Amino acid sequence: MKIVFFGSSDFSLYALQACLEGGHEVALVVTTPDQKKGRGLKVSPTVVAEFAAEKNLNTEKFSKLKDEKALERVRALHPDIFVVSSYGKLIPSSWLGIPKQVALNVHPSLLPKYRGASPLNQPILNGDEATGLSIAEVTKDLDAGDLFYQERIPLEDKIDLPRLSKLLGEISHGAVLAVLRQIEMGTLKRTPQNESESSYAPKLTKEMGRIFWSEPAEILSRKIRGLKPWPGTSVSFRGELLLIVDGEAVSGGAGAKPGALIEIHKDGAIAVATGEGILRIRSVRPAGKKEMSGADFAHGKRLKPGELLV
């Protein structure tokens, strides 16, 4: 079958690899335009563009899908299927009649739960016990198409976003292979989503990563794990941004003022009081500097137990 693939992130690569391994023709890879990245703000292609170049796959980096030239470029290929996985842009309804068979949406949540831009983050942020992967039809309504595949997995304790993305990406590889095989055999079945169970996963903002020491340590721990690597979690310390890279919630700290340094541990971590419990911070990154242990940061600032990290 002839496939047009849409994707931009590391998560996308698992589905793209499945399209190739299934023996299908990936006629075109559509990804987002090159962006400035890193401290030097060097303009770089997406990982999908880099992978496509390695595999000698035709690639387009449309800035706007509503551009008529973009539409005609894809329509001229006469594809059988669209496969969309973490692309980062909505597929216009005018495109949905192009594939002869179906447009597939590889979505890392248990649809209809967490439709939207941050389905990987929200289960961690909300402390869910489970999450999963869905493959649904792309429709004009966001992530609302009929389901073709769904797999539920328990959410591991203390899992962070990079690990969850890798885990669900690996699952998506086999899922895409299975769904494409069912399409070839004419055995693909669809199940409508239950609209009454739908929820929305909003686009992430930098403000979401702001730490308020008055919040419970468990909530702060979820933020650290669920917003890694972007936007990350941070606190304003002495007027400068301090990124909290790694930390976990532990019990204790009763009676201490939220934000107060409780202890500097020999293993490199520091304990900070919160609105409920202690946030045990293993590593931080001060503005303009490299990542370091919490203890190294505290020693460098000559912090003593009882001082506030504000």
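Residues numbered from 1 in each chain as written. Predicted model: local features only at pLDDT ≥ 70, side-chain atom pairs only at ≥ 80, totals over all residues. Heavy atoms only, no water.

**Comments concerning the overall build of the chain**
Here comes step 1: The number of helices and strands found in the chain is seven helices and 17 strands.
Here comes step 2: Projecting the C-alpha coordinates of the chain onto the three principal axes gives extents of approximately 65 × 45 × 30 Å.
Here comes step 3: Expressed as a percentage of its 310 residues, the buried residues of the chain come to 49%.
Here comes step 4: Restricting to contacts in the chain with at least 6 residues of sequence separation, those with at least 24 account for 65%.
Here comes step 5: For the chain, the accessible surface area stands at approximately 15,400 Å², while carbon and sulfur atoms represent 50% of it.
Here comes step 6: Of the side chains in the chain, 42 bear a positive and 37 a negative charge, and the two mean positions are spaced by 6 Å. (Helix = DSSP H or I, 4+ residues; strand = E, 2+ residues; numbered from the N terminus. Buried < 20%, exposed > 50% of the residue type's maximum accessible area, 1.4 Å probe, protein only. Contact = heavy atoms within 4.5 Å. Areas by Shrake-Rupley, 256 points an atom, 1.4 Å probe, with all protein chains shown as cover. Lys, Arg positive; Asp, Glu negative; His and termini not counted. Charge placed at Lys NZ, Arg CZ, Asp CG, Glu CD.)

**As for the sheet that holds strand 7 (residues 102-107)**
Here comes step 1: The strand order across the open sheet formed by seven strands is 5-2-1-6-7-9-10, and the pairing between neighbours is mixed. Looking at which strands have only one partner, the edges of the open sheet turn out to be strand 5 (59-60) and strand 10 (147-154).
Here comes step 2: Pairing between strand 7 and strand 9 (residues 130-137): four bridges, direction antiparallel. Bridged to Leu104 within strand 9 is Glu137. (Pairing = 2+ DSSP bridges.)

**Some remarks on a nonpolar patch on the surface**
Here comes step 1: A surface patch of nonpolar side chains, amounting to about 340 Å² of accessible area, comprises Leu90, Leu142 and Tyr200.
Here comes step 2: Position of Tyr200 among the secondary structure elements: in strand 11 (residues 200-201).
Here comes step 3: Using a relative accessible area of 55% as the deciding quantity, one classes Tyr200 as exposed. (Patch = residues over 30% accessible without salt bridge, like charges linked within 9 Å, V, L, I, M, F, W, Y side chains within 5 Å. Salt bridge = Lys/Arg side-chain N within 4 Å of Asp/Glu carboxyl O.)

**Quick notes on the packing of aromatic side chains**
Here comes step 1: By the definition in use, this model includes five aromatic pairs.
Here comes step 2: For the pair Phe6 and Phe82, a centre-to-centre distance of 5.0 Å together with 65 degrees between the ring planes defines the contact as edge-to-face. Within this pair, whereas Phe6 is found in strand 1 (residues 2-7), its partner Phe82 is found in strand 6 (residues 81-85), the two being separated by 76 residues in sequence.
Here comes step 3: Here Phe6 and Tyr87 contribute two aromatic rings whose centre-to-centre distance is 5.6 Å and whose plane-to-plane angle is 75 degrees, an arrangement assigned as edge-to-face. Highlighted residues: Phe6 in strand 1 and Tyr87 in the loop between strand 6 and strand 7, separated in sequence by 81 residues. Here Phe6 and Tyr87 have matching classes, each one buried. (Phe/Tyr/Trp six-rings, centres within 6.5 Å; stacked < 30°, edge-to-face > 60°.)

**Regarding unusual backbone geometry**
Here comes step 1: The peptide bond linking Leu111 to Pro112 adopts the cis configuration, its omega dihedral lying at 15 degrees.
Here comes step 2: Position of Pro112 relative to the elements: it lies in the loop between strand 7 and strand 8 (115-116).
Here comes step 3: A cis amide bond links Trp230 with the next residue in sequence, Pro231, at an omega value of 5 degrees.
Here comes step 4: Within the secondary structure, Pro231 is located in the loop between helix 6 (217-226) and strand 12 (233-237).
Here comes step 5: Despite not being glycine, Ser86 shows a phi value in the positive range, around 50 degrees.
Here comes step 6: By secondary structure assignment, the location of Ser86 is in the loop between strand 6 and strand 7.
Here comes step 7: Residue Ser86 is classed as partly exposed on the basis of its relative accessible area of 34%.
Here comes step 8: Phi is positive for Lys158, which is not a glycine, with a value near 70 degrees.
Here comes step 9: Relative to the helices and strands, Lys158 resides in the loop between strand 10 and helix 5 (161-185).
Here comes step 10: By relative accessible area, which is 35% here, Lys158 ends up partly exposed.

**Re the layout of surface pockets**
Here comes step 1: Each pocket or cavity is described by its volume, and for the second largest pocket that value is around 620 Å³.
Here comes step 2: In this structure, the second largest pocket is lined by 22 residues; those nearest its centre are Pro229, Pro231, Gly232, Leu243 and Arg285.
Here comes step 3: Those elements that place two or more of their residues in the lining of the second largest pocket are strand 12, strand 13 (240-250) and strand 16 (278-286).
Here comes step 4: If one sorts the elements of the lining of the second largest pocket by residue count, strand 13 sits on top with four residues. (1 Å grid on protein atoms, 1.4 Å probe; cavity = no way out; pocket = protein on both sides within 12 Å on 5 of 7 lines; lining within 4 Å. Points joined across faces, edges and corners; volume = space filled by probe spheres on them.)

**Some points on the pairing of strand 1**
Here comes step 1: Where burial is concerned, most of strand 1 is hidden: five out of the six residues are buried.
Here comes step 2: Where strand 1 meets strand 2 (residues 25-30), five bridges bridge the pair, whose relative direction is parallel. Each bridged residue has a counterpart across the sheet, and for Val4 the counterpart in strand 2 is Leu28.
Here comes step 3: For the crossover from strand 1 across helix 1 (residues 10-21) to strand 2, the handedness is right-handed. (Right-handed = clockwise from strand over helix to strand, strands pointing away.)

**Let's talk about helix 6**
Here comes step 1: The buried fraction of helix 6 amounts to eight of the ten residues, a majority that puts the element mostly inside the structure.
Here comes step 2: Along helix 6, the residues that are buried comprise Ala217, Leu220, Ser221, Arg222, Lys223, Ile224, Arg225 and Gly226.
Here comes step 3: Buried-residue contacts for helix 6 involve helix 4 (121-125), helix 5, strand 12, strand 13 and strand 16.

By themselves, these observations are geometric and do not establish any function.
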